[in-house]
Amino acid sequence: MTILKMLQKVFKRTPWRESFLVVLTFGLTTLVGGLLTSRFQERLWSQQKEDSKKISELRVATKTFEDLSSVIDKRIYRMDKLARWMEDNTDQSMIGRQMNEYRDTLYEWNDSYNKNKAKMNLYFGKDISDRFDYMHGFFKDTGKVLEEQYYLDPRKRNSEKLFFVGDRIGDLNRMALEINERMIEKIQKQEVGVFLKQ
């Protein structure tokens, strides 16, 4: 015997049967409605929390991209500027100033290299971090040739080696562009930080 049939039998002849059924129906509707509302609210809060976390990660990733892009561009620019002044070979005091600017940038780069590599790895993935590492090696090799030429007597500087530095700077620019595009793509796809797909 079902509960409904039992209730019908008990309240079959009572005058307040309909009142009881109305109260029972209201109570069950309230209970079921409350459970459904609670469930939907829980899902909504969970989604809002996830959205908030994603927005936060996107902000940090965007800031990280801007910082990394800036330090890469700065190093390329300072290296290119020094190489161009050395090719011109006329104003040694200006070449000395360009070397000081390059050194300052080099110190900044080296002081933050591991931090920048870790950020790139955490926010943009190992593939981009490995590309950054490859670029670092390219910078080192190019910088070594550039510095060797700087310390030579200006009349003994090798124009072929400075031309080589210019070519390598072009390669570094292409690498920087590729890394920047890949980071931007990950930001646009919202695949950064804890949402990174490895």
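About the cut-offs
Note that residues are indexed from 1 along each chain, following the sequence as it is written. In view of the model being predicted, local features appear only for residues whose pLDDT reaches at least 70, and side-chain atom pairs are presented and counted only at 80 or more, with totals across whole chains, interfaces and linings using the full set of residues. To get the side-chain values, take all heavy atoms of the structure and skip hydrogens and water. What counts as a salt bridge is simple: a side-chain nitrogen of Lys or Arg found within 4 Å of a carboxyl oxygen of Asp or Glu. Where helices and strands are cited, they refer to DSSP runs of H or I of at least four residues and of E of at least two residues respectively, numbered from the N terminus. Burial classification: accessible surface area is computed with a 1.4 Å probe over protein chains only, and a residue below 20% of its type maximum counts as buried, one above 50% as exposed, and the rest as partly exposed. In this description, a nonpolar core means a group of buried Ala, Val, Leu, Ile, Met, Phe, Trp, Tyr and Cys residues linked to one another through side-chain atoms lying within 4.5 Å. Here, two residues are considered to be in contact whenever any of their heavy atoms come within 4.5 Å of each other.

Attention now goes to the pattern of salt bridges. Within the structure shown, the criterion is met by twelve salt bridges. Between R131 and E178 there is a salt bridge, and its shortest N-O distance comes to 3.1 Å. Of this pair, R131 sits in helix α4 (residues 126-151) while E178 sits in helix α5 (residues 159-188), placing them 47 residues apart in sequence. Residue classification places R131 among the partly exposed positions, given a relative accessible area of 25%. The shortest N-O distance in the salt bridge between E185 and K189 comes to 3.1 Å.

Ranked by internal contacts, the top residues of the largest apolar core, which has 38 residues, are F124 and M135. Taken together, the elements giving at least two residues each to this core come down to α2 (17-88), α3 (92-124), α4 and α5. Of all the elements, α2 adds the most residues to this core, at eleven residues. Setting aside chain neighbours within four positions, we find F124 in contact with A61, T64, F65, K119, M183, K186, I187, V192 and L196.

Everything listed here is a matter of coordinates, which is why it stays silent on function.
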